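This is what each chain is made of:
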Amino acid sequence: MKLSHFRKTGLFIFILSIHFISIEARADGRQKIDKVTLQNGDVITCEIKQLEYGLLKAKTDDAGTLEIKWNKVTRISSTYIFEVEMQDGTVYFGKFGQVDSDQKVSIVSGPTVKVVDMLQIVAIAQIENRFWSRLDGSVSLGLNLAQANDLLQWNSNFNTTYRSRSYFSTISYSGNYTTQSEQDATQRQDANLVFTKNLPQKWLAYGYFGANNNTEQGLKLRLSLGMGPGIQLIQSNQNVLGAVAGLVASREWSLDEEGIRDNMLEGLLVMRFSRFKYDSPKSNITTQMNFYPGLSPWGRYRAELNL
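Residues numbered from 1 in each chain as written. Predicted model: local features only at pLDDT ≥ 70, side-chain atom pairs only at ≥ 80, totals over all residues. Heavy atoms only, no water.

Along the chain, the position of L204 falls in strand β15 (residues 203-214). Residue classification places L204 among the buried residues on the basis of a relative accessible area of 14%. Separated by 40 residues in the primary sequence, L204 and V244 place their C-alpha atoms 8.8 Å from one another. Not counting the four nearest positions on each side in its chain, L204 is found in contact with T196, K197, L199, G228, P229, G230 and I231. (Helix = DSSP H or I, 4+ residues; strand = E, 2+ residues; numbered from the N terminus. Buried < 20%, exposed > 50% of the residue type's maximum accessible area, 1.4 Å probe, protein only. Contact = heavy atoms within 4.5 Å.)

Structural data, given as structure tokens:
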């Protein structure tokens, strides 16, 4: 594709975004027979998808997927199994039974029934029985063309997650390719696999594998493997603060010095904070800092910040 094709318009932007709740399109999916009761007395018949960041997502036949403020819900019921995470880090698995009191949830697991305060619940996730049903992800593609400086920029992003009773994993990829008149072409690619396993009392085991390249930094390829323990320091329906500390082993190939390979051992420090509020004024802020202090060789460090 040549830029001259777009010089009459000067600027061309193309963006494609696809979201797939489940990779497997199946006719025998969950029936929409869950019940969500609101403060005003309305009862919504739906499929409860998840609770995250203070919003309950519920899929309906006629109104699509609804996002309901968790503090506006008084009761829920379902015959399907969910993972329920409490503010103190306790995790339950079970169905949502009927209760006689508002702001209470009955979690039924076989003969065991646990009644908890609804506002102490910070996360709800479906637990599916089959592998393909546990996948959730998205794909987005973007193309920017501008006549003024003969700019061509291509962006691509892919993300998929897998959840089971004991662990949660994410595979992600992001790429950026840019050409511009009188400048060298640049490209940046990041591919990551992140694995977390829930442990008691808000603790978790964290594993990470990454592959990166960045021509602006002279980096042909970096492969990294890291692991360590993590903890949720704060977890509520308004704030989440988590931390991970561990070690990362890396190998780098440089663009500037062909054939040079650097092996490194680095520390791994991760801090992630989210703040979300859906009443006026609405706010939703997430920031994550990854810091890699060099251990071998000593003295080098790198950092990544996303806001």
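So much for the structure itself; the text now carries on.
Looking now at the pattern of salt bridges. Here the structure, examined in full by the defined rule, presents 9 salt bridges. Of the charged contacts in the structure, one is a salt bridge between K32 and D61, with a shortest N-O distance of 3.7 Å. Of the two residues, K32 sits in the loop between β1 (11-20) and β2 (34-38) while D61 sits in the loop between β4 (55-59) and β5 (65-69), which places them 29 residues apart along the sequence. A relative accessible area of 23% means that K32 is categorised as partly exposed. Counted as one network, the salt bridges with shared partners bring together R222, E252 and R300. (Salt bridge = Lys/Arg side-chain N within 4 Å of Asp/Glu carboxyl O.)

The next subject is the packing of aromatic side chains. Throughout the structure, instances matching the rule amount to 5 aromatic pairs. Relative to F96, the ring of F82 lies with its centre 5.0 Å away and its plane at 20°, an arrangement referred to as stacked. You can see F82 sitting in strand β6 (residues 73-86) and its partner F96 sitting in strand β7 (residues 91-97), a full 14 residues away along the chain. Both rings, one in F291 and one in Y301, keep their centres 6.0 Å apart while their planes meet at 45°; by these two values the pair is tilted. Separated by 10 residues along the polypeptide, F291 in strand β19 (residues 283-296) and Y301 in strand β20 (residues 298-306) bring together distant segments of the chain. Take F291: its relative accessible area is 29%, and that puts it in the partly exposed class. Since its relative accessible area comes to 59%, Y301 is described here as exposed. Within the aromatic cluster, the residues linked to one another by ring pairs are Y162, Y167 and F195. (Phe/Tyr/Trp six-rings, centres within 6.5 Å; stacked < 30°, edge-to-face > 60°.)

Turning our attention to the nonpolar core. One finds V36, W70, V73, I76, F96 and I121 to be the most contacted residues of the largest nonpolar core, which totals 22 residues. Those elements that provide at least two residues to this core are β2, β3 (43-52), β4, β6, β8 (104-109) and β10 (121-126). A total of 5 residues in this core trace back to one element, the largest contributor, which is β6. Excluding residues that lie within four positions of it along the chain, V73 makes contacts with V36, T37, L38, L56, I68, Q103 and M118. Within the second largest apolar cluster, 8 residues are counted, among which are Y206, V244, L268 and Y292. (Core = buried A, V, L, I, M, F, W, Y, C linked by side-chain atoms within 4.5 Å.)

The pairing of β6 with β7 spans 5 bridges and is classified as antiparallel. Within the sheet, the bridge partner assigned to F82 lies in β7 and is G94. Joining the antiparallel neighbours β6 and β7 is a turn of 4 residues, in which G89 adopts a positive phi near 95°. Bridge count between β7 and β8: 3 bridges; the pairing is antiparallel. In the strand pairing of β8, K95 is matched with V108. Between β7 and β8, which pair antiparallel and follow one another directly, the connecting turn spans 6 residues, one of which, Q103, has a positive phi of 65°. (Pairing = 2+ DSSP bridges.)

Below, the discussion takes up a nonpolar patch on the surface. On the surface, F158, I171, L193, F209 and L225 cluster together into a nonpolar patch covering about 420 Å² of accessible area. Positionally, F158 belongs in strand β12 (residues 151-163). Looking at F158, the relative accessible area reads 31%, which means it is partly exposed. (Patch = residues over 30% accessible without salt bridge, like charges linked within 9 Å, V, L, I, M, F, W, Y side chains within 5 Å. Areas by Shrake-Rupley, 256 points an atom, 1.4 Å probe, with all protein chains shown as cover.)

For the protein, per-residue confidence averages 84 on the pLDDT scale, and 87% of positions sit at 70 or higher. Taken element by element, the predicted model of the protein shows its lowest mean pLDDT in β1 (54) and its highest in β2 (94). pLDDT under 50 marks residues 1-10. Its contacts with residues more than four places away, or in other chains, come to 14 contacts. Low pLDDT, under 50, characterises residues 19-28; the predicted model gives this stretch 26 contacts beyond four residues in sequence or across chains. (pLDDT = per-residue confidence, 0-100.)

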